[in-house]
Amino acid sequence: MKLPALIFGGLVCVGAAFADDNTVQNLTARKTCAEIKFDMDALSAMENIDDVNAEKLKQFQVYYRANCVPKSSGRRTVARNIPVIVKNTEPITTSDALSEYFANKKSNCEKLNSEIAKMAAANDESKSDALASMRGVYDMDCTEKPVAMAPAEPATQTDEEWAAEYDANLAAGLCGDGTKPNRFGCCTGETFKDLGNDGFACCPKTGGMCFPPMK
């Protein structure tokens, strides 16, 4: 008589390892954000909603907030570089010495440019090194500095962009967040469970809806 009792106890323990009796989780097809939004709107429009549909609406709302809108504490961002123009402009000053310096610099640059043009036109191979040096000095001292790019500035992703990216990931066979399903076919935040007659499923740790494993 003891042996059947031990076998029955073992089966109970195994079942407990796969199912959580403290949470009610229902199996449903994995839906896109657009489909969940449609179902939420339909259930919300019901005038006299029963308890079953009210529970479905609650589960849809929880899932939608968790997966289909940017997180308030860390919205996904898109890098956007903002160009900053850095020009070699003369500062406004009242100093006679600086005014004279910039005037002389401008004159020297014009003379250097003229000499470079003459040497280039002459095409004298013996002065090619000197010509290269003169061009280097002119580029360094007499031309505007190139456009510099400021550090990437984050651009907040809208709810619509977030949901569209989530749906596109599902269509590509990925989890909504863009990661690959684990070896059980479950996504981040989901556990692999035995739902009895419904078979195995991927269930969010927070409870609610469960989904068939992704292939």
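Scroll up for the structure.
Residues numbered from 1 in each chain as written. Predicted model: local features only at pLDDT ≥ 70, side-chain atom pairs only at ≥ 80, totals over all residues. Heavy atoms only, no water.

**Student:** Help me out: how do you make sense of the pattern of salt bridges in this one?
**Tutor:** Two side chains of opposite charge can pair, provided their charged atoms sit close to one another. Applying the stated criterion to the full structure yields three salt bridges. Two residues, Asp 39 and Lys 31, come together in a salt bridge whose shortest N-O distance is 3.3 Å. Relative accessible area serves as the criterion here: at 22%, Lys 31 is assigned to the partly exposed category. (Salt bridge = Lys/Arg side-chain N within 4 Å of Asp/Glu carboxyl O. Buried < 20%, exposed > 50% of the residue type's maximum accessible area, 1.4 Å probe, protein only.)

**Student:** Which parts of the structure should I look at to understand the layout of surface pockets?
**Tutor:** Rolling a probe over the atoms, with the probe sized like a water molecule, indicates the empty space that remains. One number sums up the size of the largest pocket: a volume of about 550 Å³. Along its surface, the largest pocket is lined by 28 residues, and Tyr 63, Ala 66, Asn 67, Thr 188 and Pro 204 are the ones closest to its centre. When residues of the lining of the largest pocket are traced back to their parent elements, those giving at least two are helix 3 (51–67), helix 6 (159–171) and strand 8 (208–210). Looking at the lining of the largest pocket residue by residue, the class counts come to eleven nonpolar, nine polar and eight charged. (1 Å grid on protein atoms, 1.4 Å probe; cavity = no way out; pocket = protein on both sides within 12 Å on 5 of 7 lines; lining within 4 Å. Points joined across faces, edges and corners; volume = space filled by probe spheres on them. Helix = DSSP H or I, 4+ residues; strand = E, 2+ residues; numbered from the N terminus. Nonpolar A, V, L, I, M, F, W, Y, C, P; charged D, E, K, R; others polar.)

**Student:** Just checking my understanding: could you explain helix 4 (residues 96–122) for this structure?
**Tutor:** Every α-helical turn comprises 3.6 residues, leaving residues that sit three or four positions apart pointing alike. The first and last C-alpha atoms of helix 4 sit 39 Å apart over 27 residues, in line with the 39 Å expected at 1.5 Å per residue. Turning to helix 4, its buried residues number three or more, namely Phe 102, Cys 109, Ile 116 and Met 119. On the buried face of helix 4, the contacting elements are helix 5 (128–141). In the stretch just after helix 4, Asn 123 is the one whose phi turns positive, near 55 degrees. (Expected span 1.5 Å × (residues − 1). Contact = heavy atoms within 4.5 Å.)

**Student:** How do you make sense of helix 6 when you look at a structure like this?
**Tutor:** Here helix 6 contains 13 residues, and its C-alpha end-to-end distance of 18 Å stays within 8% of the 18 Å for a straight helix at 1.5 Å per residue. If you follow the buried residues of helix 6, they end up packed against helix 2 (33–44) and helix 3. Positive backbone phi, approximately 85 degrees, marks Gly 173, located one or two places after helix 6.

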